[in-house]
Amino acid sequence: MALSLAVSRLVSSPVSAFATISGISRPLFPAKSLSSDQFFSILPSKLTTRRRATPGAIRLSSTKAKSLSISAEISIGDKLPDATLSYFDSAGELQTSTISDLTKGKKTILFAVPGAFTPTCSQKHLPGFVEKSAELKAKGVDTIACISVNDAFVMRAWKEDLKINDEVLLLSDGNGDFTRAIGCELDLSDKPVGLGVRSRRYALLAEDGVVKVLNLEEGGAFTFSGAEDMLKAL
C-alpha cells in the first residue's frame, strides 16, 4: 500500500518528486523540458560511465582452454579411431578417405591446424611441412596430411592459394568427427571472427594406425608441432 501511494504521488506530482543519491536531494523529473546540457547537470556527480575496452589482437587460443591442462583422449601407444575425411583430388573430384586407409601398414604424419587461411597456419605450419616433405619421406614417412575443421571447398581453395601440389594432403574434418574422437576440440566461440569449435594444433606420427609421436599444442600455439620437430622425432 505504501509503495503504491509513493508511486502515485511521484506520477501525479513530478515537480515535487525528489531522489536522494549520495546524500544529495535533487528533482528527479523536472517540470520543464531541458536541454541535454541542463539534463546532465542535474545528475549526481558520483555517477560515472564505463568505457568498453578496446579489443586487442585476435589470438587463436581460447580463454576457456587456458584453465585446462594439455590433455586429449588420444595418447602415445593408442590406436587412432577411424573417421571419414574429405578432399578434392588433382582432377577436382571430391574424394573421401578414412583414417584407416591413411595409416594401415604405413608410417603417416597427421598434423592439425585451427583453421585454413589463418595466419600461423598459412605462414608457418602448413608451409613447413610442404618444404620438409621430401626429407620426411626420405626417413620413411609414406603420407603427410593436414587436417582442419573446415569444409573441403575451403581446404581446396587454401591449397590453391598456397600453390601446394601433392607434398601434403589437405583433409577436411568438416563436422569435427575425428577431432572430437581424439579429444582435441578447441572452442574459439568467444572470438569475434566466428571460428566456433575447431581443432587444437598438433602433429602426430602413426605407424600402422598406432600413435608413436604426439606433439599436442595448447590451443592454437605453435611451439613444437612443426615439420622440424617431427624430423627430429624420426
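Per-chain numbering applies: the sequence of each chain, read as written, is numbered from 1 onward. Where local features are concerned, this predicted model is filtered to residues with pLDDT of at least 70; where side-chain atom pairs are given and counted, the filter is 80 or more; whole-chain, interface and lining totals use all residues. Side-chain calculation: all heavy atoms of the structure are included, whereas hydrogens and water are not.

Going by this rule: UniProt positions are given in the numbering used here, feature names are shortened, and annotations may be inferred rather than shown by experiment.
As annotated in an unreviewed UniProt entry, the protein chain is Glutaredoxin-dependent peroxiredoxin from Trapa natans. For the protein chain, the Function (unreviewed entry) comment in UniProt is given as "Thiol-specific peroxidase that catalyzes the reduction of hydrogen peroxide and organic hydroperoxides to water and alcohols, respectively. Plays a role in cell protection against oxidative stress by detoxifying peroxides." Per its UniProt entry, the protein chain bears the Catalytic activity (unreviewed entry) comment "[glutaredoxin]-dithiol + a hydroperoxide = [glutaredoxin]-disulfide + an alcohol + H2O".

## Here we look at the side chain of Asp173
Rules: Counting from the N terminus, the helices are DSSP H or I runs at least four residues long and the strands are E runs at least two residues long. Categorising residues by exposure relies on relative accessible area from a 1.4 Å probe, with only protein chains included: less than 20% of the type maximum marks a residue as buried, more than 50% marks it as exposed, and the intermediate range marks it as partly exposed. For the purpose of charge, His is not counted, nor are the chain termini; Lys and Arg are scored as positive and Asp and Glu as negative. Salt bridge criterion: a side-chain nitrogen from Lys or Arg within 4 Å of a carboxyl oxygen from Asp or Glu.
Relative to the assigned elements, Asp173 resides in the loop between strand S7 (169–172) and helix H7 (177–181). One buried charged side chain, Asp173, makes no salt bridge at all; its nearest oppositely charged neighbour is Arg180, positioned 6.9 Å away.

## Thoughts on the pattern of salt bridges
Scanning all chains against the criterion turns up 4 salt bridges. A salt bridge links Glu135 to Lys132, with the nearest nitrogen and oxygen atoms 3.4 Å apart. Across the pair Glu228 and Lys132 runs a salt bridge, and its minimum N-O distance is 3.1 Å. Here Glu228, found in helix H8 (residues 227–233), pairs with Lys132, found in the loop between helix H4 (119–131) and helix H5 (133–138); they are 96 residues apart in sequence, far enough to count as distant. By relative accessible area, which is 41% here, Glu228 ends up partly exposed. Residue class for Lys132 comes out buried when judged on its relative accessible area of 16%. When salt bridges with common partners are traced through the structure, they connect Lys132, Glu135 and Glu228 into a single cluster.

## Things to note about the pairing of strand S4 (residues 94–98)
To keep it simple, the criterion reads: Here, strands pair whenever DSSP counts at least two bridges between them.
Inspection of the sheet shows strand S3 (residues 84–88) paired to S4 by 5 bridges, in the antiparallel sense. Each bridged residue has a counterpart across the sheet, and for Ser86 the counterpart in S4 is Thr96. The loop that links S3 with its antiparallel partner S4 comprises 5 residues; one of these, Gly92, has a positive phi angle of about 85°.

## Some thoughts on unusual backbone geometry
One non-glycine residue, Lys163, adopts positive backbone phi at about 55°. Inspection of the secondary structure puts Lys163 in the loop between helix H6 (152–161) and S7. A relative accessible area of 68% places Lys163 in the exposed class. Of note in this structure, Asp208 is not a glycine but carries a positive phi near 55°. With respect to the secondary-structure elements, Asp208 resides in the loop between strand S10 (202–207) and strand S11 (210–216).

## Re the environment of Tyr202
Using the following cut-off: Residue contacts follow a heavy-atom distance rule, with two residues in contact if any of their heavy atoms lie within 4.5 Å.
Tracing the chain through its elements places Tyr202 in strand S10. Judged by relative accessible area, which is 1%, Tyr202 ranks as buried. Along the backbone, Tyr202 and Leu216 are 14 residues apart, and their C-alpha atoms lie at a distance of 4.4 Å. Leaving out residues up to four positions away in the same chain, Tyr202 has contacts with Leu110, Phe111, Ala112, His125, Ile147, Phe178, Ile182, Cys184, Asn215, Leu216 and Ser225.

## Quick notes on the UniProt feature "active site" (unreviewed entry) in the protein chain
The UniProt feature table records "active site" (unreviewed entry) at Cys121. Secondary-structure assignment places Cys121 in helix H4. Filtering out sequence-adjacent residues up to four positions away, Cys121 remains in contact with Val113, Pro114, Gly115, Leu126, Pro127, Trp158 and Arg201.

## Regarding the environment of Val141
Following the sequence through the fold, Val141 ends up in the loop between H5 and strand S6 (143–148). Classification of Val141 by relative accessible area gives buried; the value is 4%. Sequence-wise, Val141 and Glu207 are 66 residues apart; in three dimensions their C-alpha atoms are separated by 9.2 Å.

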